[in-house]
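Given next are the chains, with one letter for each unit.
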Amino acid sequence: MGVAGDVPPPPKIPGNDGTVFKCPMCKTILPHADVKTFPFCSDRCRLLDLNNWMDGKYTASRPIDPTDNLEELPRTGEPGRK
Ligand SMILES: [Zn+2]
């Protein structure tokens, strides 16, 4: 009794099992996935990525033009014709 060989396993932390996480922006290796700004290493990189989106690089849609959606209704009967 009293053998200190029964060490409990460490708590399960994402990234603690050998998985390496890298910041997609600056490729900094994150110590673990329990980062507030995950998957980015910092707020700076997170904002950088956000700026890329805002830049319109990934924008697929354009602003809606209200005049764009007006369908020309087919005229039934031409006025002034007898
Ligand atoms: Zn980074």
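See the structure above.
Just so you know, these numbers come straight off a predicted model, no measurement behind them.

Enquirer: Sorry if this is basic, but what is going on with the overall build of the protein chain here?
Expert: Within the protein chain, the secondary structure is distributed over 1 helix and 2 strands. Mapped in sequence order, the helices and strands of the protein chain form the string β-β-α. Here the protein chain holds 82 residues, and the buried ones make up 11% of them. Sequence-distant contacts, at least 24 apart, represent 5% of the contacts inside the protein chain between residues at least 6 apart. For the protein chain, the computed accessible surface area is about 7,900 Å², with 56% contributed by carbon and sulfur atoms.

Enquirer: For this particular structure, what's the right way to read a nonpolar patch on the surface?
Expert: Residues Leu-47, Leu-50 and Met-54 make up a contiguous nonpolar surface patch of roughly 310 Å² in combined accessible area. You can see Met-54 is positioned in helix H1 (residues 43–54). Judged by relative accessible area, Met-54 falls into the exposed class, the value being 65%.

Enquirer: Before we go on, may I ask you to explain H1 in this structure?
Expert: Since the α-helix advances by 3.6 residues per turn, residues separated by three or four positions end up pointing in the same direction. With 12 residues, H1 ought to run about 16 Å at 1.5 Å a step, and its terminal C-alpha atoms sit 16 Å apart, in line with that. In the stretch just after H1, Gly-56 is the one whose phi turns positive, near 95 degrees.

Enquirer: What's the story with the coordination of the zinc ion in this structure? I'm lost.
Expert: Expected angles at a metal are 109.5 degrees for tetrahedral coordination by four donors and either 90 or 180 degrees for octahedral coordination by six donors. In this structure, Cys-23 (SG), Cys-26 (SG), Cys-41 (SG) and Cys-45 (SG) serve as the protein donors to the zinc ion, at separations of 2.3 Å. Coordination geometry of the zinc ion: the 4 donor atoms subtend angles of 103 to 117 degrees at the metal centre, consistent with an arrangement described as tetrahedral. Note on Cys-26: relative accessible area 33%, which makes it partly exposed.

Enquirer: Is there a simple way to explain the packing of aromatic side chains in this structure?
Expert: Centre distance and the angle of the planes are the two values used to describe a pair of aromatic rings. Throughout the structure, instances matching the rule amount to 1 aromatic pair. Relative to Phe-38, the ring of Phe-21 has its centre 5.2 Å away and its plane inclined at 80 degrees; by these criteria the two rings are edge-to-face. You can see Phe-21 sitting in strand E1 (residues 21–22) and its partner Phe-38 sitting in the loop between strand E2 (29–30) and H1, a full 17 residues away along the chain. Its relative accessible area of 34% is what places Phe-38 among the partly exposed residues.

Enquirer: Even after reading the chapter, I still don't get the pattern of salt bridges, so can you show me in this structure?
Expert: Pairs may arise between side chains of opposite charge once their charged atoms sit close together. Per the stated rule, a full pass over the model turns up 1 salt bridge. The salt bridge partner of Arg-46 is Asp-43, with a shortest N-O separation of 3.0 Å. Of the two residues, Arg-46 and Asp-43 both sit in helix H1, 3 residues apart, roughly one turn of that helix. Of the residues examined, Arg-46 reaches a relative accessible area of 37% and is grouped as partly exposed. Judged by relative accessible area, which is 37%, Asp-43 ranks as partly exposed.

What counts and what doesn't
Counting restarts for each chain, with residues numbered from 1 along the sequence as it is written. Note on the predicted model: pLDDT of at least 70 is required for a residue's local features to be given, and 80 or more for side-chain atom pairs to be given and counted; whole-chain, interface and lining totals, by contrast, use all residues. The side-chain quantities take in all heavy atoms of the structure and omit both hydrogens and water. Comment: elements are numbered from the N terminus, with helices defined as DSSP H or I runs of at least four residues and strands as E runs of at least two. Burial classes follow relative accessibility: with a 1.4 Å probe on protein chains only, a residue under 20% of its type's maximum area counts as buried, one over 50% as exposed, and anything between as partly exposed. We call two residues contacting when some pair of their heavy atoms lies within 4.5 Å. Accessible areas in this description were obtained via Shrake-Rupley with a 1.4 Å probe; residue shielding takes into account the shown protein chains only. Every patch collects residues that have over 30% relative accessible area and no salt bridge, joining them within 9 Å if they carry like charges and within 5 Å if they are nonpolar side chains (Val, Leu, Ile, Met, Phe, Trp, Tyr). Here, a salt bridge means any Lys or Arg side-chain nitrogen found within 4 Å of an Asp or Glu carboxyl oxygen. Here the expected span of a helix is defined as 1.5 Å times the quantity of residues minus one. Distances define the donors: N, O and S atoms within 2.8 Å of the metal qualify, as do those within 3.2 Å of Na, K or Ca. Water is excluded, so some sites may look unfinished. For a four-donor site, all angles between 85 and 135 degrees give tetrahedral; for four or six donors, opposite pairs above 155 degrees with the remaining angles between 65 and 115 give square planar or octahedral; all remaining cases count as irregular. Classification of ring pairs uses Phe, Tyr and Trp, with its six-membered ring standing for Trp, and accepts pairs whose centres are within 6.5 Å; under 30 degrees between planes counts as stacked, over 60 as edge-to-face, and the remaining range as tilted.

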